[in-house]
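# Architecture and fold: a report
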There are 2 protein chains.
Amino acid sequence: MILGKTTEYALSVLAYMATRSQDMYPAELLHRELKIPRHYLRRLLTDLSKKGFIASSRGRNGGFVFARELSMINFAQVIDAMEGEEAMNICLLGFTACIVDKPCAMHDLWSDARSKMAETLKNTSLADLREKYLNDKG
Amino acid sequence: MILGKTTEYALSVLAYMATRSQDMYPAELLHRELKIPRHYLRRLLTDLSKKGFIASSRGRNGGFVFARELSMINFAQVIDAMEGEEAMNICLLGFTACIVDKPCAMHDLWSDARSKMAETLKNTSLADLREKYLNDKG
DNA sequence: ATAAAATGCTACAAAAAGGTAGTAATTATG
DNA sequence: CATAATTACTACCTTTTTGTAGCATTTTAT
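Residues numbered from 1 in each chain as written. Chains lettered and ligands numbered in written order. Predicted model: local features only at pLDDT ≥ 70, side-chain atom pairs only at ≥ 80, totals over all residues. Heavy atoms only, no water.

### A closer look at the nonpolar core
The biggest cluster of nonpolar side chains holds 38 residues, and the ones touching the most others in it are Leu30, Phe66 and Leu126 of chain A. Looking at this core element by element, the count peaks at nine residues for helix H1 (residues 5-19) of chain A. In this view, Leu126 of chain A contacts Leu14, Ala18, Phe66, Leu70, Ile73 and Phe75 of chain A; residues no more than four positions away in its chain are not counted. Counting 36 residues, the second largest nonpolar core, distinct from the first, contains Tyr9, Leu29, Phe66 and Met82 of chain B. (Core = buried A, V, L, I, M, F, W, Y, C linked by side-chain atoms within 4.5 Å. Buried < 20%, exposed > 50% of the residue type's maximum accessible area, 1.4 Å probe, protein only. Helix = DSSP H or I, 4+ residues; strand = E, 2+ residues; numbered from the N terminus. Contact = heavy atoms within 4.5 Å.)

### Some thoughts on the protein's contact with DNA strand D
Looking at DNA strand D, there are 26 residues lining it, with Ala27, Arg42 and Ser56 of chain A together with Lys5 and Thr6 of chain B nearest. For DNA strand D, the fraction of atoms within 4 Å of the protein that belong to sugar or phosphate moieties is 59%. Arg43 of chain B places a polar side-chain atom, nitrogen or oxygen, 3.1 Å from a base nitrogen of DNA strand D. Separating a base oxygen of DNA strand D from a backbone N or O atom of Gly59 of chain B is a distance of 3.3 Å. (Near = heavy atom within 4 Å. Polar contact = N/O pair within 3.5 Å; in protein donor to acceptor, adjacent residues only side chain to side chain.)

### Overview of the protein's contact with DNA strand C
Lining the immediate surroundings of DNA strand C are 26 residues, of which Thr6 of chain A together with Ala27, Arg42, Thr46 and Ser56 of chain B lie closest. Restricting attention to atoms of DNA strand C within 4 Å of the protein, one finds that 59% of them are sugar or phosphate atoms. Side-chain polar atom of Arg42 of chain B to a base oxygen of DNA strand C: 2.8 Å apart, as the coordinates give it. One nitrogen or oxygen atom from the main chain of Arg60 of chain B is found 3.3 Å from a base nitrogen belonging to DNA strand C. Mapped onto the surface near DNA strand C, the elements with two or more residues apiece are H1 and helix H3 (38-50) of chain A together with helix H3 (38-50), strand S1 (54-57) and strand S2 (63-66) of chain B. In terms of residue count, H3 of chain B provides more of the surface near DNA strand C than any other element does, four residues in total. Taken together, the residues of the surface near DNA strand C sort by class into six nonpolar, 11 polar and nine charged. (Nonpolar A, V, L, I, M, F, W, Y, C, P; charged D, E, K, R; others polar.)

Any functional reading would require information beyond the geometric quantities listed.
Here's what the structure looks like:
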């Protein structure tokens, strides 16, 4: 598994919210639309609130909205928040092989590909996603 | 986690074997050198045998050796074998978001970075690793 | 032969991830 | 004020992954 299921759910939710134009997204709606297990989703949403990506409002007509500008949320941030900082910087040969022999022999060979991936994730915000989505549609 | 622990172990083992020059690698040696839990490693090695990367010989003086030329084993193959074919081709927004809206809005933006990563993994063999390792040392 | 050094196999335990259920707290609306 | 709609919290269950234990089997060296 490249990313955990929970991280995929998180990206799904944020991507969905970023590409629509409602002013409130209740858990139940997201559950229906994205087919993410109801209760599990609820916990995920709470978690995403605590992490500052979205904000919740309780009570009738409550739900979730973005807590910051779409342009201020990029994919690397989300993945970091969900998987831990190391996830993207990990040595593909495992720490052991990497540390034992000092600089992991593959770091050079891979750093290009890896850093390109990392840059792409860092440089792509939810605003970019929204823009692309709306353009592709119209 | 980007790759499962077991996959990292597998890469560690193969990388270790590829960069040394013994003609036999018993599990116990790999356990000592790589600090991978003894019994878990044993199962992993059996698994790697069944998958055709290495071959085992039992009995005294037994152990593991590569089952094919180093140049015939690349990193993509190992990752595929350990994580399943889909691991590298997965849609980062999760299948749901991807399918609901037909072509996932991000596929274009990411396909570059992702395919570069995939190519690198496919084009890098254990022979390349060995060569680089021995050059860096000497 | 026998003992030592290996792998193969099977069953189980522990930890992490994923998923379910229900109650409490909060808020808008009639 | 009462009710309905909503999030917050807590506890528990299931599945997958990781790790442990031990015995059976194979091979080599003495």
